[in-house]
Amino acid sequence: MKAIVYEGMKNVKVSNVDDPKIQKEDDIIVKVTSTAICGSDLHLIHGMVPNLPHGFILGHETMGIVEEAGKGVNNLKKGDRVIVPFPVACGHCWYCNHDLYSQCDNSNDYGDGGGLLGYSNTFGGYDGGQAEYLRVPYANVGPLVVPNDLADEQVLFLTDILPTSYWGVDIAGVKPGDTVVVLGCGPVGLLTIKWALFKGAERVIAVDGVKYRLEHAKKYGVEVVDLEEHDDTGEYIKEITKGGADQVIDCVGMDGRMTKLERVETLLKLQGGSKSAIEISSKAVRKGGTVVMVGVYGARYNMFPLGDFFSKNITLKMGQCPAQAYTKPLLKLIEKGKFDATDIITHKLSLEQGKHAYEIFDKKQDECIKVILKPN
Ligand SMILES: NC(=O)c1ccc[n+]([C@@H]2O[C@H](COP(=O)([O-])OP(=O)(O)OC[C@H]3O[C@@H](n4cnc5c(N)ncnc54)[C@H](O)[C@@H]3O)[C@@H](O)[C@H]2O)c1
Ligand SMILES: [Zn+2]
Ligand SMILES: [Zn+2]
């Protein structure tokens, strides 16, 4: 089959690889109908996640039709149309039983966190879903059947960025009347803005340095702040909010725009990637407020503004979204027409165009926000 594989720093290729096979009784094989590229895939191709060999199949936002089901699969059959959440989770360990699917104790032999599809050997070594077929482990737990009258585009993001953005707003505790700052207007940030409004936030301030993405945020009727226009974005937000926002949701992560000092520290290997969004958060949040890091961080950081958070009584929350805990209620909202995420899709390409797709998403060319890939 064809699949998008890692080919070294900032490089992927569409390659011919072996078809996946059922390995355990509770596996399924999905014939992929749609798959997407996530900001988290960019961390992989930027070399920020260790143990990613050349030839590793990428992708963790995938849906399709069940092609084959192992003997131990009791709730799915060949022909079912499913979305596949990105965390690999057993469904019965303490963490899965407490809705912390992304921290499953049984799905990753190589690290503390749970397994993730298509996310290096550090996260379980599972082949990804930017391919014609995908093996899904623990199929009794993750995959969710979706109704045929909803298009792939309406439900595909239930695999990751819809639960992720909802979860960020949920654990931040956004409620009617709140002021929320959303850092990053990529796919995750834009959906986070929409969920914050859905939850009744009175004022939402969206931050990015990429003009066309800020323009997209403006369409939701929120205020925007352009990183390019401020020397100290955090201070500026503190000023215009008269002391800071109730919640700051960081939808940037370690690929954020680096300050000069960060560039030097990264070169000297004192830290991996950027903490610029964390610095902004520390200033843009009000005393007693909450900062949620939805953006992914993978390394230790020098000069983490711990004292700033401490002195303001800030609550910090973070981690990989336990997507399985949210897929069913969010599907209901889509079915009822109460939430739609299709406006962020800017490109629908074929899987064969995967290399080009990564390039425009990574370099923010052609006004790219979210790319969907379809195998022929
Ligand atoms: N926690 C989870 O479970 C989970 C799930 C999915 C994605 N993510 C993470 O969410 C983040 C966003 O994903 P995405 O697909 O939207 O990625 P993306 O790369 O398209 O978007 C990130 C945006 O942040 C902007 N940015 C850079 N530095 C900034 C700064 N200092 N302040 C404000 N904006 C800044 C960029 O210009 C870009 O538009 C990534 O880190 C991704 O790994 C986390
Ligand atoms: Zn993702
Ligand atoms: Zn588990």
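Whatever comes next refers back to the structure up there.
Remember, predicted model here, so these are calculated numbers, not experimental data.

Definitions and cut-offs
- Residues numbered from 1 in each chain as written.
- Chains lettered and ligands numbered in written order.
- Predicted model: local features only at pLDDT ≥ 70, side-chain atom pairs only at ≥ 80, totals over all residues.
- Heavy atoms only, no water.
- Helix = DSSP H or I, 4+ residues; strand = E, 2+ residues; numbered from the N terminus.
- Rg over C-alpha atoms; globule rule 2.2 N^0.38 Å.
- Buried < 20%, exposed > 50% of the residue type's maximum accessible area, 1.4 Å probe, protein only.
- Areas by Shrake-Rupley, 256 points an atom, 1.4 Å probe, with all protein chains shown as cover.
- Pairing = 2+ DSSP bridges.
- Axes fitted to C-alpha atoms, helices over the stretch in contact; angles between N-to-C directions.
- Contact = heavy atoms within 4.5 Å.
- Donors = N, O, S within 2.8 Å, 3.2 Å for Na, K, Ca; no water.
- Parallel < 35°, antiparallel > 145°, perpendicular 65-115°, else oblique.
- Left-handed = near helix turned anticlockwise from the far one by under 90°.
- Core = buried A, V, L, I, M, F, W, Y, C linked by side-chain atoms within 4.5 Å.
- Salt bridge = Lys/Arg side-chain N within 4 Å of Asp/Glu carboxyl O.
- Near = heavy atom within 4 Å.
- Nonpolar A, V, L, I, M, F, W, Y, C, P; charged D, E, K, R; others polar.
- Right-handed = clockwise from strand over helix to strand, strands pointing away.
- Phe/Tyr/Trp six-rings, centres within 6.5 Å; stacked < 30°, edge-to-face > 60°.
- Lys NZ or Arg CZ within 6 Å of the ring centre and 35° of its normal.

Draft legend 1. A look at the overall build of the protein. Check the secondary structure of the protein and you find 12 helices and 17 strands. The C-alpha radius of gyration of the protein comes to 20 Å, within 12% of the 21 Å expected for a compact globule of 376 residues. Across the 376 residues of the protein, 56% fall into the buried class. Per element, the accessible surface of the protein, about 16,000 Å² overall, is 49% carbon and sulfur.

Draft legend 2. Region of the structure containing the sheet that holds strand E12 (residues 223-226). Taken in spatial order, the 6 strands line up as E12-E11-E10-E13-E14-E15 in an open sheet, and their pairing is parallel. Either end of the sheet is taken by a strand with one partner, and the two such strands are E12 and strand E15 (315-318). Strand-to-strand twist in this sheet, taken as the mean axis angle between neighbours without regard to direction, amounts to 20 degrees. Relative to strand E13 (residues 245-250), strand E10 (residues 179-183) runs parallel, the two being bridged by 4 bridges. Bridging across to E13, Val180 finds its partner in Gln247. Helix-sheet contacts for helix H6 (residues 211-218) involve strand E11 (203-208) and E12, and the interaxial angle to E12 is about 170 degrees.

Draft legend 3. Seen up close, unusual backbone geometry. In this structure, Tyr138 is a non-glycine residue whose phi angle is positive, near 50 degrees. Along the chain, Tyr138 falls in the loop between strand E8 (133-136) and strand E9 (144-145). Among the residues examined, Tyr138 registers a relative accessible area of 17% and is labelled buried. Positive phi is not limited to glycine here, since Glu367 has a value of about 50 degrees.

Draft legend 4. Looking closely at the coordination of the zinc ion (ligand 2). Looking at the zinc ion (ligand 2), one finds its protein donor set to be Cys38 (SG), His60 (NE2) and Asp160 (OD), positioned 1.8 to 2.3 Å from the metal centre. Expressed as a motif, the donor residue spacing for the zinc ion (ligand 2) is C-x21-H-x99-D. One end of the pair, Cys38, is in the loop between strand E3 (28-36) and helix H1 (39-45); the other, His60, is in the loop between H1 and strand E4 (61-69), and 22 residues separate them in sequence. For the pair shown, Cys38 and His60 are each scored as buried.

Draft legend 5. Focus on the packing of helix H5 (residues 187-198) against H6. At a closest axis distance of 10 Å, the pairing of H5 and H6 adopts a crossing angle of 20 degrees. One finds that H5 runs roughly parallel with respect to H6. H5 and H6 meet at a crossing whose hand is right-handed. Facing Pro187, Leu190 and Ile193 of H5, the residues of H6 in contact are Arg213, His216 and Ala217.

Draft legend 6. Quick peek at the nonpolar core. By size, the foremost hydrophobic cluster in this structure holds 77 residues, and its most contacted members are Leu58, Phe157, Leu162, Ile193 and Ile249. If sequence neighbours within four positions are ignored, Phe157 has contacts with Ala36, Leu162, Pro163, Ala341, Ile344, Ile345, Lys370 and Ile372.

Draft legend 7. Focus on the pattern of salt bridges. Across all of its chains, the model carries 18 salt bridges by this definition. The residue Lys348 makes a salt bridge to Glu153 at a minimum N-O spacing of 3.7 Å. Of this pair, Lys348 sits in strand E16 (residues 345-350) while Glu153 sits in helix H3 (residues 152-155), and the two are 195 residues apart along the sequence. Given a relative accessible area of 13%, Glu153 falls into the buried group. The partner of Arg203 in a salt bridge is Glu223, with the nearest N and O atoms 2.6 Å apart. You can see Arg203 sitting in strand E11 and its partner Glu223 sitting in strand E12, a full 20 residues away along the chain. With relative accessibility at 24%, the residue Arg203 sits in the partly exposed group. Assessed through its relative accessible area of 33%, Glu223 is described here as partly exposed. Beyond isolated ion pairs, a larger network of salt bridges with shared partners links Arg81, Asp152, Glu153, Lys348 and Lys374.

Draft legend 8. Fine view of the site of ligand 1. Near ligand 1 you find 33 residues, and of these Ser40, His43, Asp208, Arg213 and Cys321 are the closest. Protein contacts shield 96% of the accessible area of ligand 1, which totals 860 Å² for the unbound molecule. Only H1, H5, E11 and helix H9 (276-284) provide two or more residues apiece to the shell around ligand 1. Ranked by residues supplied to the shell around ligand 1, first place goes to H1 with 4 residues. Residue composition of the shell around ligand 1, grouped by class: 16 nonpolar, 12 polar and 5 charged.

Draft legend 9. Up close: the pairing of strand E14 (residues 285-293). Across 5 bridges, the pairing between E13 and E14 is parallel. Residue Ala245 lies in a different strand from E14, and its bridge partner there is Val285. Sheet analysis places E14 next to E15, joined by 4 bridges and oriented parallel. Residue Val292 lies in a different strand from E15, and its bridge partner there is Lys317. In terms of handedness, the path from E14 via helix H10 (residues 306-311) over to E15 forms a crossover that is right-handed.

Draft legend 10. Expanded view of the packing of aromatic side chains. Following the criterion strictly, the structure yields 9 aromatic pairs and no others. Geometrically, the ring pair formed by Trp195 and Phe198 is edge-to-face, given 5.1 Å between the ring centres and 85 degrees between the ring planes. Taken together, the residues span about one helical turn, with Trp195 and Phe198 both in helix H5 at a distance of 3 residues. When its relative accessible area of 1% is taken as the criterion, Trp195 is described as buried. For the pair Trp195 and Phe339, a centre-to-centre distance of 3.5 Å together with 5 degrees between the ring planes defines the contact as stacked. With Trp195 in helix H5 and Phe339 in the loop between helix H11 (327-335) and E16, the pair connects residues that are 144 residues apart, well separated along the chain. Pair check on accessibility: Trp195 and Phe339 agree, each one buried. Through pairs of rings, three or more aromatic residues link up here, namely Tyr166, Trp195, Phe198, Tyr326 and Phe339. Lys194 extends its terminal NZ or CZ atom over the ring of Phe339, reaching a point 5.7 Å from the ring centre.

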